[in-house]
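# Observations on the three-dimensional arrangement
Chain by chain, the residues run as shown.
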Amino acid sequence: MSDISETDLMRLADGELPTHERLALEGIIESNPAAKQKLARLRRQNELIRLSFQEHQDELALARLKTNIRQQFKQHDRRAAGSNRAFGTALAASVAISVIAAVFAYMFGVQHADNKVDQLLAMQAMERSLRQETIETALETTTGGESLTWSSPTSGTHGIITPLNTFRSAGGRFCRELTVTTKSAMSEEIAQGVACRHQSGGWTVLTSQT
Amino acid sequence: MTLDTAIEEQMINLLPKLRSFALGLTGSGPDADDLVQATFERAIKNMDKWIPGSRLDSWMYRIAQNLHRNSIRNESGRSRIIEEISFNQPKTIDGVQEAETARTAGQVWKRIQSLSAEQREVLVLICINGLSYRETAETLRVPIGTVTSRLARAREELSPIMDMEPSFGKTQS
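Residues numbered from 1 in each chain as written. Chains lettered and ligands numbered in written order. Predicted model: local features only at pLDDT ≥ 70, side-chain atom pairs only at ≥ 80, totals over all residues. Heavy atoms only, no water.

### Some points on the overall build of chain B
- Looking only at helices and strands, one finds eight helices and zero strands in chain B.
- Shown N-terminal to C-terminal, the secondary structure of chain B runs as helices and strands in the order α-α-α-α-α-α-α-α.
- For chain B, the proportion of its 173 residues judged to be buried stands at 50%.
- When contacts within chain B are restricted to residue pairs at least 6 apart in sequence, long-range pairs at least 24 apart make up 62% of them.
- When the accessible surface of chain B is summed, it comes to about 8,900 Å², and 50% of that surface belongs to carbon and sulfur atoms. (Helix = DSSP H or I, 4+ residues; strand = E, 2+ residues; numbered from the N terminus. Buried < 20%, exposed > 50% of the residue type's maximum accessible area, 1.4 Å probe, protein only. Contact = heavy atoms within 4.5 Å. Areas by Shrake-Rupley, 256 points an atom, 1.4 Å probe, with all protein chains shown as cover.)

Next comes the structure, spelled out in structure tokens:
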């Protein structure tokens, strides 16, 4: 091992050498069993380092990070864009809320308003469970990109569930990306997420509103 | 200022590599996720400090590196128990050899956690994220000779584990 330095071997194993140097060195190593063994060892070491990291790569964690970071971008953009309009928006919102509140109070009286709230909550709960059922059915039965819809008979609120690609997490679980769109008379929400099947057969769904 | 969508996409695309880097620095998935999240928060807030045309990945690696160094300083002495990770789930038919490799990879992982932060930074950028020695030197703002020697020392530390593998045992030279 007099003519080949450890650093040269390391640079060779790491793909640092330009082609002509690489070929020349490989030629010398071919007739030097000790160097050959050292190079094989370095390459194996590189492989083991990569393997050791692979075991810790977690698609679910990555997907979760991706959703969180997209959220951060949105918040940042909203804050930047909203700073000029903030006062106008706040004023408009407070006027609108006052008007709605006054109309409610006038039409139904305070007690009736309480009932209304209960009804609204019950309706929302029903919509949530309809949506949940549709998500589970969609995850079980659709192919990537195919959608299932649900619709509330009382409020007209409806939604579209679209599972996308399927992948296996680092822990070996089946996961699917999905989008969940919910439309009501007042708003439209689009959430993106990841669902992974847990051991008992059900799904854990992580979504983030966009 | 609102961020350019193209830059947002570029940043998102860096996510897997930043997570590997963070994993190398922290040694645990949840800690790595926290560090990546904090890195993006910092990057988004300080986007005006990034010089367009310069490497976005290097800039973000440096943010992660700084955040990690500060967090170690705040921890008043780092003493983390590195969890025993089970690397015993063979994935191919040749289960025995696969399990052996997985076990060795587990040992490598543990040994990597005992390296210095400087050594781990270099090791991840080169061996996992595929940066060249020069790119690594530019990213970490150290001379290329420093990169080479940190890498060589890290490899030396990992070397005894290689002796566990019969076909790669130490040679007499």
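### So, the environment of Thr146 of chain B
Residue and element names in this part refer to chain B.
- Along the chain, Thr146 falls in helix H8 (residues 144-162).
- Given a relative accessible area of 23%, Thr146 falls into the partly exposed group.
- A C-alpha to C-alpha distance of 9.6 Å links Thr146 and Val122, two positions 24 residues apart in sequence.

### Regarding the interface of chain B and chain A
- The interface of chain B with chain A comprises 50 residues on the first partner and 37 residues on the second.
- Run the count over chain B and chain A and you get two salt bridges.
- Notably, a salt bridge pairs Asp14 of chain A with Arg155 of chain B, separated by 2.7 Å at the nearest N-O pair.
- At the junction of chain B and chain A, the tally comes to 13 residue pairs in polar contact (both at pLDDT 80 or more).
- Elements that contribute at least two residues to the side of chain B that touches chain A include exactly helix H1 (5-13), helix H2 (15-26), helix H3 (29-45), helix H5 (95-113), helix H6 (117-128) and H8 of chain B.
- With seven residues, H8 of chain B is the single largest residue contributor to the side of chain B that touches chain A.
- Each residue belonging to the side of chain B that touches chain A can be placed in one class, and the counts come to 27 nonpolar, 13 polar and 10 charged. (Salt bridge = Lys/Arg side-chain N within 4 Å of Asp/Glu carboxyl O. Polar contact = N/O pair within 3.5 Å; in protein donor to acceptor, adjacent residues only side chain to side chain. Nonpolar A, V, L, I, M, F, W, Y, C, P; charged D, E, K, R; others polar.)

### A look at the pattern of salt bridges
- Scanning all chains against the criterion turns up 10 salt bridges over all chains.
- Lys36 of chain A is paired through a salt bridge with Glu30 of chain A; the nearest N and O atoms lie 3.1 Å apart.
- Classification of Glu30 of chain A as exposed rests on a relative accessible area of 54%.
- Salt-bridge contacts for Asp33 of chain B lead to Arg19 of chain B; the nearest nitrogen and oxygen are separated by 2.6 Å. Here Asp33 of chain B is found in helix H3, whereas its partner Arg19 of chain B is found in helix H2, with 14 residues between them in sequence. The two residues Asp33 of chain B and Arg19 of chain B agree in class, both being buried.

### Some details on the nonpolar core
- In this structure, Ile49 of chain A together with Met11, Met60 and Leu123 of chain B are the most contacted members of the largest nonpolar core, which totals 64 residues.
- Listed in part, the 10 residues of the second largest apolar core include Ala138, Ile161, Ala195 and Trp203 of chain A. (Core = buried A, V, L, I, M, F, W, Y, C linked by side-chain atoms within 4.5 Å.)

### Observations concerning the packing of helix H3 (residues 33-54) of chain A against H6 of chain B
- Running from N to C, H3 of chain A and H6 of chain B cross one another at 100°; their axes reach a closest spacing of 10 Å. With respect to their mutual orientation, H3 of chain A and H6 of chain B come out roughly perpendicular. For the pair formed by H3 of chain A and H6 of chain B, the contact residues are Asn46, Ile49, Arg50 and Phe53 of chain A on the first element and Leu123, Val124, Cys127 and Ile128 of chain B on the second.
- Considered class by class, the residues forming the contact of H3 of chain A with H6 of chain B number six nonpolar, one polar and one charged. (Axes fitted to C-alpha atoms, helices over the stretch in contact; angles between N-to-C directions. Parallel < 35°, antiparallel > 145°, perpendicular 65-115°, else oblique.)

### Points about the confidence of the model for chain B
- Mean pLDDT over chain B: 81, with 78% of residues reaching 70 or higher.
- Residue range residues 76-94 of chain B is modelled with pLDDT below 50. Its contacts to residues more than four positions away, or to other chains, number 26 contacts. (pLDDT = per-residue confidence, 0-100.)

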